[in-house]
Each structure stands twice: as C-alpha cells, then as structure tokens.
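Okay, here's what each chain looks like letter by letter:
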Amino acid sequence: MSVLEVVVVVIAGVCAGTINTVVGSGTLITFPVLLAVGYSPVVANVSNSIGLVPGSLSGVIGYRRELRGQRDRMLRFGAASLLGGITGAVLLLLVPSAFETVVPIFIVIALVLIVLQPRLGAWLAVRRPQGSEHHIGLVLGVYATGVYGGYFGAAQGIILIALLALTVNDHLQRLNGLKNVLAGLVNLVAGVIFLFAADVAWGPVVCIAAGSIVGGQLGARYGRRLSPDALRAVIVVVGVFAIVRLVFF
C-alpha cells in the first residue's frame, strides 16, 4: 500500500472501531475501503475481520463498568456466539458471497425492532415469564447472529442489540456492553480460523487494528454518555446508512 492508502485505512479503522463500540456496522466502512485500494472481496473481508479484533477488545475494556454483574450472560451467550462465529467463518471459506443478498433484510428487521423496542419492551415486561433470558430461543438467536457475524459481520452489532433489548430486561447501555463482548468473540474466533485457512493481507490488518483500538476507546468514552433514546437514534441512523451502502453501492 502507498502512504496515502495506509493513512486512509488507519482512519477507516478509527471510524469502524468507534462505530462498532457504540452501535455496530463498522465493517461497512473498512470493507469498502479495502476494496477501493485493490483487495478482492474475500481477502478484504478476512483481513477486516482480523484487523477489527483489537478494536473489539478495546471497546469491551471501555465498557467494563457496564459489564459488572453480567458474568452469567457473558458465559451463556458467549458460548453461542463462539459456536456461531466458527460456523460463519467456515461457511465463508466454503461458499463465499452466498448470504450478501439477505444482509439488508436483517438490518431492516433489526431497525424496526429497535424503533419499537420501548413499546414492545413495556408490553413484554408484563408478559415476559421469569427467567426468559435463559430461553433456548434467545440462545439460538445469538448463535444465528454469530453465524452471520462470522460470515460477513456488517450490522452484526445492530442485530444483536435489537435481539437483546427485546428479550433481556436491562438498561440499554448495559446491553450494549454485552453486545460488544459477543461481537468481539465472533470476530476473534473467525479471525483465528482465517489465520490458518485463508489469504490474509497483513498490511491492512495492522492499519485497521491500530485505528480500531483508538476508535474503541473513543466509542466507549462518548457512546456510554448517550441516553437510551439517543443511542437508539444513533443505531437507526447507522443502520439506514448501512442499508443504503449495501443496496446501492
């Protein structure tokens, strides 16, 4: 890569790390940038997944306060995310580009759920059985999101936060911290698989990693200050941008 390309990829990594920590969908910034500098889609996707792992860890550290008292959730849902990430990474290696056409559909569903979450949450609060977050359906949903995240990853965070907000009775910022852990685990396990089984462009990996570490801290610092309504609005804006980017570009 040229010096200019290095700078552009690092900046893209900062933006992606920030957005991933606050909402998700940072891949929609770094992935197109890697395509623009000349990498093939699969190499770009693989390199991007590996490069964003340090940024995910940075975001988790930044949200450590919100993660207190969520050890059981992290273990339970984390196992589902790990298995899903493995499945998705293997599918990417076996059948590249098979799921890209359904990505916008998943994002639309997630955004509708996020917008309706306050009313749906209030409705579910009086009908949700005790211990509903332990329901197998939620675990399977987290696993399915992990499959998607291991395969492509764009808007994985949006789908996760929508799923958690509707099924787990807790503050949205605490669920956002949990989302960062789960998405980070998916990126980590997929990245490990790609290290051994796929072509990796190490220049972009290093650039994205460096940028995403900074972005993860920025996202944690400013994202945790958002009220639930403001965070919900950011999720919707980023999600709409994601749909436009995927459908029209």
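For the structure, check the block above.
Computed from a predicted structure; not experimentally measured. The residue numbers shown here count from 1 along each chain, following its written sequence. Reporting of local features is limited, given that this is a predicted model, to residues whose pLDDT is at least 70; pairs of side-chain atoms are given and counted only at 80 or more, and all residues count toward the totals for whole chains, interfaces and linings. Side-chain metrics in this entry use all non-hydrogen atoms of the structure; hydrogen atoms and water are not considered.

By the criteria applied, helices consist of DSSP H or I runs no shorter than four residues and strands consist of E runs no shorter than two, each listed in order from the N terminus. Counting through the fold element by element, Gln-156 comes out in helix H8 (residues 156-167). Should any heavy atoms of two residues lie within 4.5 Å, those residues are considered in contact. Filtering out sequence-adjacent residues up to four positions away, Gln-156 remains in contact with Thr-145, Tyr-148, Gly-149, Leu-182, Ala-183, Val-186 and Asn-187.

Each pair of aromatic rings taken from Phe, Tyr and Trp, with Trp reduced to its six-membered ring, is defined by centres within 6.5 Å and is described as stacked if the planes are under 30 degrees apart, edge-to-face if over 60, and tilted in the remaining cases. Under the defined criterion, the tally for this structure stands at 0 aromatic pairs. Our definition puts a charge over a ring when NZ of Lys or CZ of Arg is within 6 Å of the ring centre and also within 35 degrees of the ring normal. In this structure, Arg-76 packs its charged tip against the face of Phe-77, placed 4.6 Å from the ring centre.

Turning our eyes to something else, we now look at the packing of helix H5 (residues 71-94) against helix H9 (residues 172-197). A packed helix pair is summarised by two numbers, namely the angle formed by the two axes and the spacing between the axes. The contact between H5 and H9 brings their axes to 8 Å, and the two run at 35°. As for how H5 packs across H9, the hand of that crossing is right-handed. Where H5 approaches H9, its residues Arg-73, Met-74, Phe-77, Gly-78, Ser-81, Leu-82, Gly-85, Ile-86, Ala-89, Leu-92 and Leu-93 are matched on the opposing element by Arg-174, Leu-175, Leu-178, Val-181, Leu-182, Leu-185, Val-186, Val-189, Ala-190, Ile-193, Phe-194 and Ala-197. The residue inventory of the contact of H5 with H9, partitioned by class, reads 18 nonpolar, 3 polar and 2 charged. Here an angle of 0 to 180 degrees is reported between the N-to-C directions of two axes, which are lines fitted to C-alpha atoms, with helices fitted over the stretch in contact. The hand of a helix crossing depends on one turn: near helix anticlockwise from the far one by less than a right angle means left-handed, and clockwise means right-handed. Gly counts as polar in this scheme, as do all residues outside two lists: the nonpolar Ala, Val, Leu, Ile, Met, Phe, Trp, Tyr, Cys and Pro, and the charged Asp, Glu, Lys and Arg.

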